[in-house]
Amino acid sequence: MTMAGSTSSVMGPATVDRLLKFSEARQSLGLSKSTMYRMLERGELPGPLKIGALTYFSEREVQEWIARKLADRGRGAGHA
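For every chain, the first residue of the written sequence is number 1, and numbering continues from 1 onward in sequence order. The predicted origin of the model limits local features to residues at a pLDDT of at least 70 and limits the giving and counting of side-chain atom pairs to 80 or more, whereas totals for whole chains, interfaces and linings rest on all residues. Excluded from the side-chain calculations are hydrogens and water; all other atoms, namely the structure's heavy atoms, are used.

Q: If you had to explain the overall build of the protein chain to someone new, which residues and values would you point to?
A: Helix and strand labels come from DSSP, where a helix needs a run of H or I of at least four residues and a strand needs a run of E of at least two; each type is numbered from the N terminus. Counting its secondary structure elements, the protein chain contains three helices and three strands. Its helices and strands taken in sequence order, the protein chain reads β-α-α-β-β-α from the N to the C terminus. Working definition: with a 1.4 Å probe on protein chains only, accessible area under 20% of the residue-type maximum means buried, over 50% means exposed, and in between means partly exposed. A total of 80 residues make up the protein chain; the buried ones form 19% of that total. Note on definitions: a residue-residue contact is assigned when non-hydrogen atoms from the two residues lie within 4.5 Å. A fraction of 44% describes how many contacts in the protein chain between residues 6 or more apart in sequence connect residues 24 or more apart. Accessible surface is estimated by sampling points in the Shrake-Rupley manner with a 1.4 Å probe; for residues, cover comes only from the protein chains shown. Accessible surface for the protein chain amounts to roughly 6200 Å². Of this, 55% is attributable to carbon and sulfur atoms.

Q: Go over the packing of helix H1 (residues 22-29) against helix H2 (residues 33-41) with me, naming the residues and quoting the values.
A: Running from N to C, H1 and H2 cross one another at 95°; their axes reach a closest spacing of 10 Å. By the angle class used here, H1 and H2 are roughly perpendicular. Along the contact surface, H1 presents Phe22, Ala25, Arg26 and Leu29, while H2 presents Lys33, Met36, Tyr37 and Leu40. Classification used: nonpolar for Ala, Val, Leu, Ile, Met, Phe, Trp, Tyr, Cys and Pro, charged for Asp, Glu, Lys and Arg, polar for all others including Gly. Among the residues making up the contact of H1 with H2, the classes are represented as six nonpolar, no polar and two charged. Fitting a line to C-alpha atoms yields each axis, with helices limited to the stretch in contact; the angle taken between N-to-C directions then spans 0 to 180 degrees. Any angle between 65 and 115 degrees counts as roughly perpendicular, while under 35 counts as roughly parallel, over 145 as roughly antiparallel, and the rest as oblique.

Q: Lay out the side chain of Ser58 in plain terms, naming residues and giving numbers.
A: Mapped onto the elements of the fold, Ser58 is located in strand S3 (residues 54-58). Counted as a polar contact is a pair of N or O atoms within 3.5 Å, where, for protein atoms, one must be capable of donating a hydrogen and the other of accepting one, and residues adjacent in sequence contribute only when both atoms are in side chains. Here the side chain of Ser58 touches Asp17 through a polar contact of 2.2 Å, side chain to side chain. Setting aside residues no more than four positions away along its own chain, Ser58 makes contact with Asp17, Arg18 and Leu19.

Q: Would you mind going over a nonpolar patch on the surface in detail, with residue names and values included?
A: Note that patches include only residues with greater than 30% relative accessible area and no salt bridge, and the join distances are 9 Å for like charges and 5 Å for nonpolar side chains (Val, Leu, Ile, Met, Phe, Trp, Tyr). Salt bridges are defined by distance alone: a side-chain nitrogen of Lys or Arg within 4 Å of a carboxyl oxygen of Asp or Glu. A cluster of nonpolar residues, Leu19, Leu49 and Ile51, forms a patch on the protein surface that exposes about 240 Å² of accessible area. Looking at where Ile51 falls in the secondary structure, it is placed in strand S2 (residues 49-51). Overall, Ile51 belongs to the partly exposed group, its relative accessible area being 44%.

Q: Tell me what's going on with the pairing of S3, and back it up with residues and numbers.
A: The element S3 is largely enclosed, with a buried count of four among its five residues. The pairing of strand S1 (residues 19-21) with S3 spans three bridges and is classified as antiparallel. Each bridged residue has a counterpart across the sheet, and for Leu19 the counterpart in S3 is Ser58. At least two bridges found by DSSP between two strands are what make those strands a pair. Direction of pairing for S2 relative to S3: antiparallel, over a ladder of three bridges. Note on S3: the bridge partner recorded for Ile51 is Leu54. Hairpin connection between S2 and S3: a loop of two residues separates the two successive antiparallel strands, and Gly52 in this loop has a positive phi of roughly 65°.

Right, here's the structure in full:
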């Protein structure tokens, strides 16, 4: 059986995801530290990856989250 075209959850070298430090993810999202913590508590942001005392985020998940928010903007979601 070949792996070509497989939807395996194992990522190969061509799909390596970069890990962002908390501060890098915060900067990409344009959020303050307190807002980011609040949104994480509510489950409104992609889940972080803890490695020891450090917190990282998947760059791919952060970019996908931003893309969804931009797409929702066109549908009027999130507007008062």
